[in-house]
Amino acid sequence: MQTLAGPFAGGTSLDASDLQVDGDEVEGLREGEEAGGPLYPFLVVYDLKPLKSQGPVFAKGVPVTARVEGTERYTTGSKIRPSTLYSLRLTHGDFTWTMKKKFKHFQELHRDLMRHKIFMSFLPLSRFAVHGSRAEATSLEMPALPHGGDSASRRPSSKQKYLESYLNSLLAMSFYRNYHAMAEFLDVSQLSFIPDLGPKGLEGMILKRSGGHRIQGLNCCGRHQICYHWSKRWLVVKDSFLLYLKPESGVVSFVMLFDPGFSVTVGKKSTDSKYGVRIENSTRTLILKCSSYRQARWWGQEIMDLAAEQGKDFLQLHRHQAFAPVREGTPARWFVNGAGYFAAVADALMQAKEEIYITDWWLSPELHLKRPAQTDDWRLDILLKHKAEEGVRVCVLLFKEVELALGISSGYSKRALMLLHPNIKVMRHPDHVSSVVFLWAHHEKLVVVDQSVAFLGGLDLAYGRWDDHHYRLTDLPPRTKSGALLGEEPPVDLAANQQLWLGKDYSNLITKDWVQLDRPFEDFIDRTRMPRMPWRDVGVAVHGRAARDVARHFIQRWNFTKTVKTKYRGPEYPCLLPRSVSAAYRLPGALAGAQPADVQVLRSVDRWSAGTHECSIYNAYLSVIHSSQHYVYIENQFFISCADGRAVLNTVGDAIVDRILRAHREKTRFRVFVLLPLLPGFEGDIAEGGGNSIRAILHFTYRTLCRGDSSILCRLKAAIGDEWKNYISICGLRTHGELGGSLLTELVYIHSKLLIADDRRGAHRLCHINDRSLLGRRESELAVLVEDTELVPAVMEGTRNQAGKFALSLRLDCFRSLLGGSGASSLDVQDLSDEFFHGVWKASLANANIYDQVFRCLPSDAVRSLRALRDFAGVQNLASVSLALARQHLAQVRGLVVRFPLRFLAEESLLPPLNSREGMIPLEVWT
């Protein structure tokens, strides 16, 4: 047998016959096994094992090859002779990585493997005892590793080839390759070769210093060494984040996301530690300790190179100062109203394979996602339980309300979900006392499935949100044979159910707020006497890289909550890891009904909510309004703007005024359509003046629209007189129906956060137009900005042009449903010409006059004071006097649009009295 002479002085020869091993010990596949593919699915990140018992980390049948690419000579203070550092490049399938090792590292590996071999050969129930005799075990010979190795007289090329051959010989034998000492030597772990986590990255054992959080209360106030301690951790650096885990348990202790504040520095000056590496982002500074300055410098450089090359998307702010870039060619789909949105969410949840993320302002576990509910299969809690039983990990983030002020019972929602299955984890945030956050809320509403498809918008998975284009006011149970209505309980046999809103889902939040949410199937308002309030909302779904960005926001908030709340710091609540954007190009499946567009994820967050500050939604609002050419269409739950530098700070209303005045100067057509709820969504009887909360929101809404010198209409009237009517229209929505033989009406509650511009510029799911949601320093919000790339023929102002398919289709659906044109082909809502604006659109505003005649409904322009309100409410309406005549009038109603009552209670001060509970609340709560 041919031998290779060892190039090291005093070393032994490397005999090729030493590499002969039993067939079972050479890399191979057993019958039925397939080569290639990841050994671990992505779900392994939720069940990591201790490093010494993590098992095989390489894919079956895929070789691991090593190459020594070069050497570095260096000296240390304790040695006269130079030492050698070997640069190695390893390959395993599509994964490649580099590492630097000294010869002593090879020696340590050799000793560990020899001990492993000897121990296993004497173990009574070892695989050798099972598959053969002890004599056969001794045939598993390791290649010889010579002694010494740093003499300057040896040729570098031969030494490199020797070590390369030695290492590749070991890697060919699964017995040695899968031993934990080899994994540590190769800088690999269970997280190394999961394709969804991106490239292999940098890994290794480090010493980590405690502290460094930029969160109040998490650090010692001192800076002396006694104020911190060092811990041994396994560090993993991926393409957009790094983490460290406890080697003895495998539990991930902390995840640091790359962001614009990410940086790496080396040296004692920045770390207060000899051979230290300082890594920081917007939320934490992490100090690592290395064995030498050379190692510290190499680690620092490798981390920065990996971040700059693979994670550059998150190292800088993008358009609108957003954390996420524009994702070109993203499949996107819009939804108007909850019926289509909830059904699509249900279908996506059913397809979940690994992860489900949900965050809501309010979540109702017993919510039926598809209706009429004729089985429990599509009930949210049952659906999540079913997926959890399949092994899917479900993570839910809920806003923790101040219970005395808000009755959404997030505590009940958490308990109901957590009891379903151990794979369902629910966190609530914030802790009001420890965080000193009493006034602000988490207002995101999103669902993410496998970090591949994301749903977001204004729709909580909660009661009262499901609706369709019919906006029904009633939902009576079936009658018994005697003609009497069945009781308040929902049908026992759901197979025969035809009701759309069961139990607490039948609601009218202005008449009565929700109560007893732990009794979900009991009515809390009398549906035989009281109409429900229809709910208008808009949502959107995105697929691919934009969905990854939405998931990243959720992960940032989840991990932040886990860090700041002591009860969540244990391993029961796992740290979440973002999947690589580079892996989003090959996602399976597609989003049904989606259209390609350029999508950017935007948000409003602050240090209390996510550990960092951003107000990109606000910047996007201003940019879109400023750059719009033909029109801006707004649906919003709130409209509180026009900055005065004191009570109100955002300038969205000012941007609208500036854009209209620019159109007037340039003598060009420009339209602004604003749709708002006729009343704020707070409990209160408006016939008696409404509650203080209703009046406070009305005060700031009217201050924005038409009252005071800084309001939109007052500024426009001062500049262009009555010509403002050619540019802007402010409307609400109302509908009518019958209940028990009586006519009734109710406003359609607009909960949307929507802006569409120009049919081509794009469509945007944004947030409330108020300081709470826009400034970033108060409530947390999430939004997407969608810009069309696929164009279709269209008409604008009488001229044929190209319009964006996504924005145009959404705007046409909105206009047809609101103007009553869904079944009337003669109603042209595409061309926003003068004829349409002054004819079709403004003619529909006459609906308000009809409703006033038939119902004397509130709010009304005829009521300008509280005294007039009392007189107005005391007069019988036409619907109660002449049912036939009232029906004749209502037959003339077209669509849902009504004129917004701009003069309602104009003679009254609507701010809450100072001696009331609402009057003692800071004004910024209302703005």
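As shown above, the structure is provided for reference.
What comes next is a walk through the structure. (Residues numbered from 1 in each chain as written. Predicted model: local features only at pLDDT ≥ 70, side-chain atom pairs only at ≥ 80, totals over all residues. Heavy atoms only, no water.)

## Quick notes on the sheet that holds strand 10 (residues 263-266)
The pairing of strands in a sheet comes from backbone hydrogen bonds and takes either a parallel or an antiparallel form. As summarised here, the arrangement of the 7 strands in space is 9-8-7-6-12-11-10, forming an open sheet in which the pairing is antiparallel. Single-partner strands in this sheet number two, and they are strand 9 (252-257) and strand 10. Neighbour-to-neighbour, the strand axes of this sheet turn through a mean angle of 35 degrees, independent of strand direction. (Pairing = 2+ DSSP bridges. Helix = DSSP H or I, 4+ residues; strand = E, 2+ residues; numbered from the N terminus. Axes fitted to C-alpha atoms, helices over the stretch in contact; angles between N-to-C directions.)

## Looking at the packing of helix 14 (residues 616-627) against helix 15 (residues 652-666)
In the contact formed by helix 14 and helix 15, the axes pass within 9 Å of each other and the chain directions differ by 10 degrees. One way to sum up the angle between helix 14 and helix 15 is to call them roughly parallel. Contact residues: helix 14 offers Y618, Y621, L622, I625 and H626, while helix 15 offers V652, A655, I656, R659 and R662. (Parallel < 35°, antiparallel > 145°, perpendicular 65-115°, else oblique. Contact = heavy atoms within 4.5 Å.)

## Comments concerning the environment of L306
You can see L306 is positioned in helix 8 (residues 293-310). Using a relative accessible area of 16% as the deciding quantity, one classes L306 as buried. In this view, L306 contacts G201, L202, V237, K238 and G311; residues no more than four positions away in its chain are not counted. (Buried < 20%, exposed > 50% of the residue type's maximum accessible area, 1.4 Å probe, protein only.)

## What about unusual backbone geometry?
Residues H429 and P430 are joined by a peptide bond in cis, for which omega reads 5 degrees. Positionally, P430 belongs in the loop between strand 16 (424-429) and helix 12 (432-435). In this model, L858 is joined to P859 through a cis peptide bond whose omega is 0 degrees. With respect to the helices and strands, the residue P859 is situated in the loop between helix 21 (847-855) and helix 22 (866-873). Of note, D187 is a non-glycine position whose phi angle comes to about 60 degrees, a positive value. Note on placement: D187 falls in the loop between helix 6 (180-185) and strand 6 (202-209). In this model, K667 sits at a positive phi of 55 degrees, which is unusual for a non-glycine residue.

## Thoughts on helix 11 (residues 410-418)
Burial runs high along helix 11: 7 of the 9 residues are buried. For helix 11, the complete set of buried residues consists of S410, G411, Y412, S413, K414, A416 and L417. Those residues of helix 11 that are buried are in contact with helix 10 (380-389), strand 15 (393-399) and strand 16.

No statement about biological role is implied by the geometric values presented.
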